[in-house]
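# Architecture at a glance
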Amino acid sequence: MIRARPTVAEVDLDAVRHNVRAMKPDRAQLMAVVKADGYGHGATEVARAALEAGATWLGVATVEEALALRESGLRAPILVLSELSRGSESEALAGGITPTLYTEDGLRWLSSAARSLDLTPGVHVKVDTGMHRVGLFPPDRAVEFVTGAVAAQCAFEGLWTHLARAEEDTATTEAQLRRFRRSSDDLAAAGLTPSYRHAANSAATIRHPESHFDLVRVGIALYGLDPGGGLGDRAGLRPALRWRTAVTQVKRLPTGEAVSYGHRYRLERDTTVATIPVGYADGYRRGLSSRADVLIGGRRRRVAGTVTMDQTLVDCGDDPVQAGDEVVLIGRQGDQEVTADELARILATIGYEVVCGIGPRVPRVFVGEQDQEPTPTRNGGAPS
Ligand SMILES: Cc1ncc(COP(=O)(O)O)c(C=O)c1O
């Protein structure tokens, strides 16, 4: 397929491997959470790199995501982090996908698929200890629920919960973990002991070692982004994604001219303005208009005026910028860096949303693939 536009998201798989090693506790396994196309980084490639570096599980949001990983040839256990959508149970079980369970209806549908396939699937029961999104509530129903699951042709393989405030608060996290331990103890007293108990997301993996149990579910930190509260720095993570493009046109405009839709950016002196082929249809959000910096020639340069659907203008001052020069939207150039978290602050959101929002029109290119030469990255030249 032709790849003529220089706008690409370059994903460094060595950084992913580094982040897995930085995050994996000595005494617990690591699940690489690669839902939402690996938080916009490319699920299959990130999953493969994470497994190479020691991850043993993959976590996804949907059956479709799980089956796509299987179709790419990945054989590791894959947990779907919510109950399977109704009607997808047989396909999921036939694909060897591990289901989460927390409702009687979900159990009925899963059990019926299991019986018709003559399988006894391992299931992970999710208890709601305070996030109140999905999960069995109150968690002291766990013994009754798991007993029912075992009677309905399911093997009790995992018990898990999800933390609501691990990056910012200790008391809530401790309270959630207490409820989780109580469920787990009640189950053990009833002779129901799963192989895996898990609770920790990235923030908890870094900040709450008591939450590690048998497995940690690491998402954002795999990608080298901050789970919140500066925890990313503490763990020594390396951002994996570099979003780059290249200048398509340069103009020298006189004092008093205004640029882009709405003429909201007026030049106070003669200025070199560069056009770059990226816009809000790519996920470079309109809220970044006149507020974000990009890197050109190793210097920070301000977005000039309104970000449009496909193109954005940049105020380059008197810099000798030329068509073809590399422009970095997220990542390093020389000794400068623009982070996803920096864009997130401008947009009043979190880094997660910034990287998940990089659209499908932006090709992902991978560097650091094992047994392959690194892909060249200079001056926006998209690799072939
Ligand atoms: C259930 C569950 N576990 C783990 C994660 C990973 O969280 P994080 O990306 O903060 O590590 C997520 C992500 O939202 C999740 O929904």
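Here is a short report on the structure shown in this document. (Residues numbered from 1 in each chain as written. Predicted model: local features only at pLDDT ≥ 70, side-chain atom pairs only at ≥ 80, totals over all residues. Heavy atoms only, no water.)

### What about the site of the ligand?
Taken together, Lys35, Tyr39, Arg133, Trp160, His162, Asn201, Ser202, Arg217, Val218, Gly219, Ile220 and Tyr352 make up the full set of residues near the ligand. Within the side chain of arginine 217, a nitrogen or oxygen atom sits 2.9 Å from a nitrogen atom of the ligand. With the chains in place, 92% of the 390 Å² that the ligand exposes on its own is no longer accessible. Residue classes in the shell around the ligand are distributed as five nonpolar, four polar and three charged. (Near = heavy atom within 4 Å. Polar contact = N/O pair within 3.5 Å; in protein donor to acceptor, adjacent residues only side chain to side chain. Areas by Shrake-Rupley, 256 points an atom, 1.4 Å probe, with all protein chains shown as cover. Nonpolar A, V, L, I, M, F, W, Y, C, P; charged D, E, K, R; others polar.)

### What about the packing of helix α6 (residues 104–117) against helix α7 (residues 142–151)?
One way to put it is that α6 packs onto α7 with a least axis distance of 10 Å and a crossing angle of 20°. Between α6 and α7, the angle falls in the class roughly parallel. In the crossing of α6 with α7, the sense of the turn from one axis to the other is right-handed. Contacts between α6 and α7 involve Glu104, Leu107 and Arg115 from the first element and Glu144, Phe145, Gly148, Ala149 and Ala151 from the second. A class-by-class count of the residues in the contact of α6 with α7 yields four nonpolar, one polar and three charged. (Axes fitted to C-alpha atoms, helices over the stretch in contact; angles between N-to-C directions. Helix = DSSP H or I, 4+ residues; strand = E, 2+ residues; numbered from the N terminus. Parallel < 35°, antiparallel > 145°, perpendicular 65-115°, else oblique. Left-handed = near helix turned anticlockwise from the far one by under 90°. Contact = heavy atoms within 4.5 Å.)

### With respect to the nonpolar core
In this structure, Val34, Leu69, Leu222, Trp243, Tyr284 and Leu343 are the most contacted members of the largest nonpolar core, which totals 113 residues. Both domains that meet at this core, namely domain 1 (13–224) and domain 2 (241–338), each give it at least three residues. Contacts of tyrosine 284, omitting those with residues within four sequence positions, involve Trp243, Val278, Gly279, Ala292, Asp293, Val294, Val303, Val307, Thr312, Leu329 and Leu343. Ranked by size, the runner-up nonpolar core spans seven residues in total, among them Leu253, Tyr265, Leu267 and Leu313. (Core = buried A, V, L, I, M, F, W, Y, C linked by side-chain atoms within 4.5 Å. Buried < 20%, exposed > 50% of the residue type's maximum accessible area, 1.4 Å probe, protein only. Domains from an automatic or database assignment.)

Function cannot be read off these values alone, since they describe shape.
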